[in-house]
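# Coordinates in review
So you can see what is in the structure, the chains are spelled out below.
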Amino acid sequence: MKNMTSQRGITLTSFLVVLIVVAFGLYVGMKLFPMYQEYYAVRTALKSLAKEPGVANMEPARVQELFFKRVRMSYSENLKPSDIKFDRIDGGWNLKVNYEVRRELIGNLDVVGKFDTNQDLTLRGAD
């Protein structure tokens, strides 16, 4: 009878394929992480602004200035004043932030993140 030996582990070629897939995943993650980190900084700034005393009675220009002061502390570089919209609601403002982030991935391929969030700025504060 023949002795059959079972194969153990993976071949060098299989290891390189797995390594390439993992490396590509990490590379894409490095491109995406700063985009989402900035988004969470925007959300935090909005929630903080909602707790600001008297924000519901402030003019939009003043609210926008306070918002950008909070966002600049997080080194956000993709927000522009044109990305911010104010809507009058009962008892205050609704602040909408809608922006897009584009990062080069490989060659002429880009990763695009579209972010849209809003926060009510009312006399009751953050809900």
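Below you will find a few notes about this structure. Predicted, not measured: the structure shown is a model, and the values here were computed from it.

### Some thoughts on the pattern of salt bridges
Applying the stated rule across the entire model yields 7 salt bridges. Glu65 is the salt-bridge partner of Lys69, the closest N and O atoms lying 3.7 Å from each other. A residue pair is termed a helical-turn pair when its members lie 3 or 4 positions apart in one helix, as Lys69 and Glu65 do in helix 2 (residues 60-72) at 4 residues. In this structure, Glu77 engages Arg103 in a salt bridge whose closest nitrogen and oxygen atoms are separated by 3.9 Å. Taken as a pair, Glu77 in the loop between helix 2 and strand 1 (84-89) and Arg103 in strand 2 (residues 92-106) lie far apart in primary sequence, 26 residues in all. For Glu77, a relative accessible area of 61% translates into the label exposed. Within this structure, Arg62, Glu65 and Lys69 form a network of salt bridges that share partners.

Parameters and conventions
- Residues numbered from 1 in each chain as written.
- Predicted model: local features only at pLDDT ≥ 70, side-chain atom pairs only at ≥ 80, totals over all residues.
- Heavy atoms only, no water.
- Salt bridge = Lys/Arg side-chain N within 4 Å of Asp/Glu carboxyl O.
- Helix = DSSP H or I, 4+ residues; strand = E, 2+ residues; numbered from the N terminus.
- Buried < 20%, exposed > 50% of the residue type's maximum accessible area, 1.4 Å probe, protein only.

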